[in-house]
Amino acid sequence: MGLSRLAALHGVATSYSPSPDVTVSVPDDTVIAVLAALGVDAGTPADVRKCLAAAESRSRLLPPTVVVWADEPLPPALAGLPPGSTVTVEPEPSDLPGHPAGRPPAPLSMRARAAAPAEPVASGEPAPAPEAAPAPGAAPAWWIPPPHGVHRIHVRTPDNRRATATLVAAPPRLPQPPEGTHGFLVQLYSLLSARSWGMGDLGDLADLAAWAGRSVGSGFVQVNPLHAAVPGKPTDPSPYRPSSRRFPDPVHLHVESIPEYGHVRDRAALDDLRQDAAALSEAVLNKGALIDRDAVWELKRQALELVVQVPLTPGRRADYCDFLAEQGQALEDHALWCALAEVHGPDWHTWPQALRDPRSPGTARARSELLDRVDFHCRLAWLTAGQLAAAQRAAEDAGMGVGIVHDLAVGVHPAGADTWSQQEAFAHGMSVGAPPDAFNARGQDWGLPPWRPDVLAATGYAAYRGLLRGLLAHAGALRIDHVMGLFRLWWVPEGRPPTDGTYVAYDAEAMLAVLVLEAHRAGTSVVGEDLGTVAPGVREALARRGVLGTSVLWFERDWEGGGRPLAPEEWRRDCLATATTHDLPSTAARLTGDHVTLRHRLGLLTRSLEEELTADLTDTAEWLALLARLRMLPEGDGDEEAAVRAVHRFLRRTPARMTGVWLPDTVGDRRPQNLPGTWDQYPNWRLPIADPEGHPVTLEEITASPRLHGLMEVLRPRKPHTAPPGERRP
């Protein structure tokens, strides 16, 4: 009982329910290990009693972070302050968004009052006048709402107790995308143009956005996470296990678009590098080679070493200096990690002891010794940010209502830059994953250390705010992978199977408030990937704040009423509706059953091939029958390309705010970009977009594809009927 109470006080679950009628107890050893990662010693019954007594004896006037939503009642932490308490809100610095430049915001002072007469607030002072109870949904009259932002709040009670906390004042909802917008979903590395250096880049992204907005009326292009990867040979190709989520990877740079590129003196060296890059692309596009991120980066790194030798013009230098000032310590730490990794390898746990602490004297000396390399990596971050901004401008100039939708991975690599520079914020010895479920009886371990919820709260969610601000700077919208992680995450102790994990809760109000605030400032929408196991109330809480969900056609069934496919009008409105994702088969592979035979070849099936094919065919046939009943498949059975169009015609019929088209679907690609459960058995994250026969196709070939244009015709909005002169409209 004591361990359970202690765990509950720290948001650690001692049981969980994989389904409504099943409850699974978490092993005590797991609970103890997770508490230890949170700085709580529960190794013995005596330790539990000691920590429990200490935790229950602590009385906080305010929690570390307090959330106030605009036009909503005050949270209990503020509404329940003793009458006569003095409350002062110290607004955030005026150099942040939302404040007039050069005018320091004045503190807001107020006095908490009660609805009934109260004792005097101090000797010789009269009691504050009573006030009527506020109307439902309204803040009390004494409260002066601060501007949207992240402030400091100071409280002094009549008995002279004091408290200071972070105050997040958030707007009620996120900005919403235009109704009925459609766009493309693409893994950027897979999108090679004729000018690419062996993988897709930010120049290709800008070009795709410009074409899609102008030629087929798309409103957005969603890409994979462009976070900085952990260097190494081979580099982990997964974009969902990065070194840093705060900064993008310069491997995505289109080198020739950098202004200084044209002024490099050693043209022969650049020409040699371009020839080598052309050979890389040729091998991928025409010789069956996989995308080789390491080889691409080696060529780009050499070219960038030449580019940064070109002096910046005064205007470019001023822009670079502004970027350094804006990014501050976070960029300096990231660049230093990159420089140290070049010398000591990519795993900071193996570095000399003095360098494992980013604030040690030894690290400070290394910072000075590696100043040129630190500047090189800062310069690359600046150049990449510039091309990210150019891609969003290209999308906006093409008339896109949203633009580039960036992707936020659920975590970072345990050996990367973020875990080194923000060590106190991560729960070391823990990994994020998923519990056992109907699709994976062994659970999942993603190898990503989780953020500590207690440290996030104590620091006012500074790391989270910085992460969001960086990602949203050049985005039209943001997709959040495993958005349920804003509420809770499955922690797996190191060395144990995922079945021995447990859920750890986060302050969802604070996580959502920071998200809404930063997205509101950036004017961006947010799409949450809410597939899989979702706790009760999570989707409702997200929808209330304007976070769109993700609805994938094959999963949209009436699971509580027999499992029939949902008719289009039964779909939710506030979502991104798609036929597939990067972790699922392409639509053509789903319709043909190719994905089942692929998994059979790799030994991934849990039943016989015949059983799996029968189940898959039954599932697909139900959907095709619905499409036929709705007259969305006039071509009849047996036409794969027509069936793909029918699927997207169905998606367009739903009330979903956004409709996403997997770009490989537009040319009939049957290969998944990622096959969960595999590592070296399948080339995850290394395949170019290909045609139905598996032959890679370039950006230029994709945009000229008759199959693509036939598919996009079904997504064009219907033009309103205009009555001829003299004819009355019905």
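Here's what I pulled together on the structure shown here.

1. Here we look at the overall build of the chain
Regarding its fold elements, the chain presents 21 helices and 21 strands. A globule of 730 residues ought to have a C-alpha radius of gyration of about 27 Å, and the chain, at 28 Å, matches this closely. Oriented by its inertia axes, the alpha-carbon framework of the chain measures out at about 85 × 70 × 65 Å. Looking at the chain as a whole, 54% of its 730 residues are labelled buried.

2. Thoughts on a negative patch on the surface
On the surface, Asp266, Asp271, Asp272 and Asp276 cluster together into a negatively charged patch. By the element assignment, Asp266 lies in the loop between strand E11 (244–248) and helix H6 (267–286).

3. Details of the sheet that holds strand E5 (residues 108–111)
Spatial strand order, E3-E7-E6-E4-E5: five strands in an open sheet with mixed pairing. Each edge of the open sheet carries a strand with a single partner, namely strand E3 (65–69) and E5. Across this sheet, the average inter-strand angle for adjacent strands is 25 degrees, counted without regard to direction. Summarising the sheet, strand E4 (residues 86–90) and E5 pair through four bridges and their orientation is antiparallel. Residue pairing across strands places Thr88 opposite Ser109, the latter belonging to E5. In this fold helix H14 (residues 508–522) packs onto E3, strand E6 (149–156) and strand E7 (162–170), with an angle of close to 55 degrees to the strand it touches most, E3.

4. Focus: the packing of aromatic side chains
The geometry of an aromatic ring pair is captured by two quantities: the separation of the ring centres and the angle between the planes. Taken as a whole, this structure holds 14 aromatic pairs when the rule is applied. Here the aromatic rings of Trp337 and Trp351 are separated by 6.3 Å at their centres, their planes lie at 40 degrees, and the arrangement is tilted. Residue Trp337 is found in helix H8 (residues 314–344), and its partner Trp351 is found in the loop between H8 and helix H9 (361–369); the two are separated by 14 residues along the sequence. Of the two residues examined, Trp337 and Trp351, each falls in the buried class.

5. Regarding the sheet that holds strand E17 (residues 502–505)
Read from one edge of the open sheet, four strands run E14-E13-E16-E17, paired in antiparallel fashion. A strand with exactly one partner marks an edge of an open sheet, and here the two such strands are strand E14 (444–448) and E17. Each neighbouring strand pair of the sheet contributes to a mean axis angle of 50 degrees, computed without reference to strand direction. Here three bridges tie strand E13 (residues 430–434) to E14, and the two strands are oriented antiparallel to one another. Opposite Ala434, over in E14, you have Gln444 as the bridge partner.

Rules used in this analysis
Residues numbered from 1 in each chain as written. Predicted model: local features only at pLDDT ≥ 70, side-chain atom pairs only at ≥ 80, totals over all residues. Heavy atoms only, no water. Helix = DSSP H or I, 4+ residues; strand = E, 2+ residues; numbered from the N terminus. Rg over C-alpha atoms; globule rule 2.2 N^0.38 Å. Buried < 20%, exposed > 50% of the residue type's maximum accessible area, 1.4 Å probe, protein only. Patch = residues over 30% accessible without salt bridge, like charges linked within 9 Å, V, L, I, M, F, W, Y side chains within 5 Å. Areas by Shrake-Rupley, 256 points an atom, 1.4 Å probe, with all protein chains shown as cover. Salt bridge = Lys/Arg side-chain N within 4 Å of Asp/Glu carboxyl O. Lys, Arg positive; Asp, Glu negative; His and termini not counted. Charge placed at Lys NZ, Arg CZ, Asp CG, Glu CD. Pairing = 2+ DSSP bridges. Axes fitted to C-alpha atoms, helices over the stretch in contact; angles between N-to-C directions. Contact = heavy atoms within 4.5 Å. Phe/Tyr/Trp six-rings, centres within 6.5 Å; stacked < 30°, edge-to-face > 60°.

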